[in-house]
Amino acid sequence: MDKVRAKKHLGQHFLTDESVAKNIADTLTLEGYKKVLEIGPGMGVLTKYILDKPTETFVVEIDTESVDYLHAHYPKLHDHIFAQDFLKFDIVSAFKQEPFAVIGNFPYNISTQIVFRALELRDYIPEFSGMFQKEVAERICEKKGTKAYGILSVLTQAFYETEYLFTVDEHVFNPPPKVKSGVMRMRRKEDYSLPCNEKLFFTVVKTAFNQRRKTLRNSLKGYNLPDEIRAEEVFNLRPEQLDYKEFIELTKKIEAYGV
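Residues numbered from 1 in each chain as written. Predicted model: local features only at pLDDT ≥ 70, side-chain atom pairs only at ≥ 80, totals over all residues. Heavy atoms only, no water.

Where an unreviewed UniProt entry is consulted, the protein chain appears under the name Ribosomal RNA small subunit methyltransferase A, with the organism given as Myroides marinus. Listed under Subcellular location (unreviewed entry) in UniProt, the entry text for the protein chain is "Cytoplasm". (UniProt positions renumbered as here; feature names shortened; annotations may be inferred.)

Next up, the structure:
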């Protein structure tokens, strides 16, 4: 096999610039884990640099043609290739509940789903880094008060320190995407437990941003809070005006009234 054919339905854009691939691999700090999982390795341009790290490298790939290519060209990956869909795969059991980092040149069509799945697995993922569509990478790292700030920003920043690292131009891919790419890193906080009901926190954040042009008084009226609580200043704000800490405090208020 000389190369893998990029498949549009899988959102494949193969990175061709070796220096960019090495820079992405070097976003790994190697702290707090001994295993690394690369999502969607394709033909392994990033994989080869991860394999140089003093960690055990695994890859998860849904494209059978890419799986065959990796078996043929990367003998180090023997027994380390999961021919699975990361979004549905029980990676925690496969890793025997050991911590692991996640990295990848993520398919743009499912990149936010990958982040949400990683948040579900946050107890096992101390570090997450890689390349996204630029606006998605920026959204993850965005601070309150902007149009880009949203659900993804609040939920990731509640559990991880997020950092936008660098931008990647379209011409270093085959086929080139129509947008620029951005590389970011998330490092799990030392104390990432929330002082509120986590399920309610997720629900409050999503409910608020689903009607982001409305004040919280209107977007959260379904919680049937007492008038004296809804009269508080925070309910005059729109969701993009609250950081994750303020959403935690808001959740605690709602929780205190039996929701």
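Asks: Looking at this structure, I do not really get the sheet that holds strand β2 (residues 35-39). What am I missing?
Replies: The strands that make up a sheet are held in pairs by hydrogen bonds between backbone atoms, and each pair lies either parallel or antiparallel. The 7 strands are arranged β4-β3-β2-β5-β6-β9-β7 in an open sheet whose pairing can be described as mixed. The open sheet terminates on both sides in strands that have one partner only, identified here as β4 (81-82) and β7 (160-168). Summarising the sheet, strand β3 (residues 56-60) and β4 pair through 2 bridges and their orientation is parallel. For V59, the partnering residue across the bridge sits in β4 and is I81. Along the sheet, helix α5 (residues 111-120) contacts β2, β6 (127-133) and β7; its crossing angle with β6, the most-contacted strand, is approximately 165°. In the packing of helix α7 (residues 151-159) onto the sheet, contacts are made with β7 and β9 (181-188), and the angle to β7 comes to roughly 120°. (Pairing = 2+ DSSP bridges. Helix = DSSP H or I, 4+ residues; strand = E, 2+ residues; numbered from the N terminus. Contact = heavy atoms within 4.5 Å. Axes fitted to C-alpha atoms, helices over the stretch in contact; angles between N-to-C directions.)

Asks: Is there a simple way to explain the environment of F247 in this structure?
Replies: Following the sequence through the fold, F247 ends up in helix α11 (residues 244-256). Given the relative accessible area of 0%, F247 is considered buried. Note: C-alpha distance between F247 and D79 (168 residues apart in sequence) is 43 Å. Once you skip the residues sitting within four places of it in the chain, F247 turns out to touch V154, F201, V204, V205, A208, F209, P239 and L242. (Buried < 20%, exposed > 50% of the residue type's maximum accessible area, 1.4 Å probe, protein only.)

Asks: Help me understand the packing of aromatic side chains in this model?
Replies: Any pair of aromatic rings gets described here by the distance separating the centres and the angle formed by the planes. Applying the stated criterion to the full structure yields 12 aromatic pairs. A centroid spacing of 4.9 Å and a plane angle of 45° characterise the contact between F106 and F132, whose relative ring orientation is tilted. With a gap of 26 residues between them, F106 in the loop between β5 (100-105) and α5 and F132 in strand β6 connect regions that are remote in the sequence. Judged by relative accessible area, which is 0%, F132 ranks as buried. Here the aromatic cluster, defined as three or more aromatic residues joined through ring pairs, consists of F58, F82, F89, F95 and F100. The residue whose ring lies beneath R122 is F159, and the NZ or CZ to ring-centre distance is 4.1 Å. In this structure, K206 is placed above the aromatic ring of F116, and the distance from its NZ or CZ to the ring centre is 5.6 Å. (Phe/Tyr/Trp six-rings, centres within 6.5 Å; stacked < 30°, edge-to-face > 60°. Lys NZ or Arg CZ within 6 Å of the ring centre and 35° of its normal.)

Asks: I would appreciate a short explanation of the nonpolar core in the present structure.
Replies: Nonpolar side chains tend toward joint burial in soluble globular proteins. With 57 residues, the main nonpolar core has F128, F201, F247 and L250 as its most contacted residues. Per element, the largest residue contribution to this core is 7 residues, and it comes from helix α8 (residues 198-209). Looking at which domains feed residues into this core, each of domain 1 (8-188) and domain 2 (198-256) supplies at least three. For F201, the contacting residues outside a window of four places in its chain are V154, L155, A158, L194, C196, Y244, F247, I248 and T251. Within the second largest apolar cluster, 20 residues are counted, among which are A25, L46, Y49 and I50. (Core = buried A, V, L, I, M, F, W, Y, C linked by side-chain atoms within 4.5 Å. Domains from an automatic or database assignment.)

Asks: I keep staring at the domain arrangement of the protein chain and nothing clicks. Help me out?
Replies: Many authors give the size of an interface as the accessible area that is lost as the parts come together. One can read the domain layout of the protein chain as domain 1 (8-188) and domain 2 (198-256). One C-alpha centre belongs to domain 1, the other to domain 2; they are set 32 Å apart. With 13 residues of domain 1 at the interface, the matching set in domain 2 holds 16 residues. The largest contributions to the domain 1 side of the interface with domain 2 come from K144, Y149 and I151, which together make up 38% of the buried area. Applying the counting rule to domain 1 against domain 2 returns 2 salt bridges. (Buried area = accessible area lost by both parts, 1.4 Å probe. Salt bridge = Lys/Arg side-chain N within 4 Å of Asp/Glu carboxyl O.)

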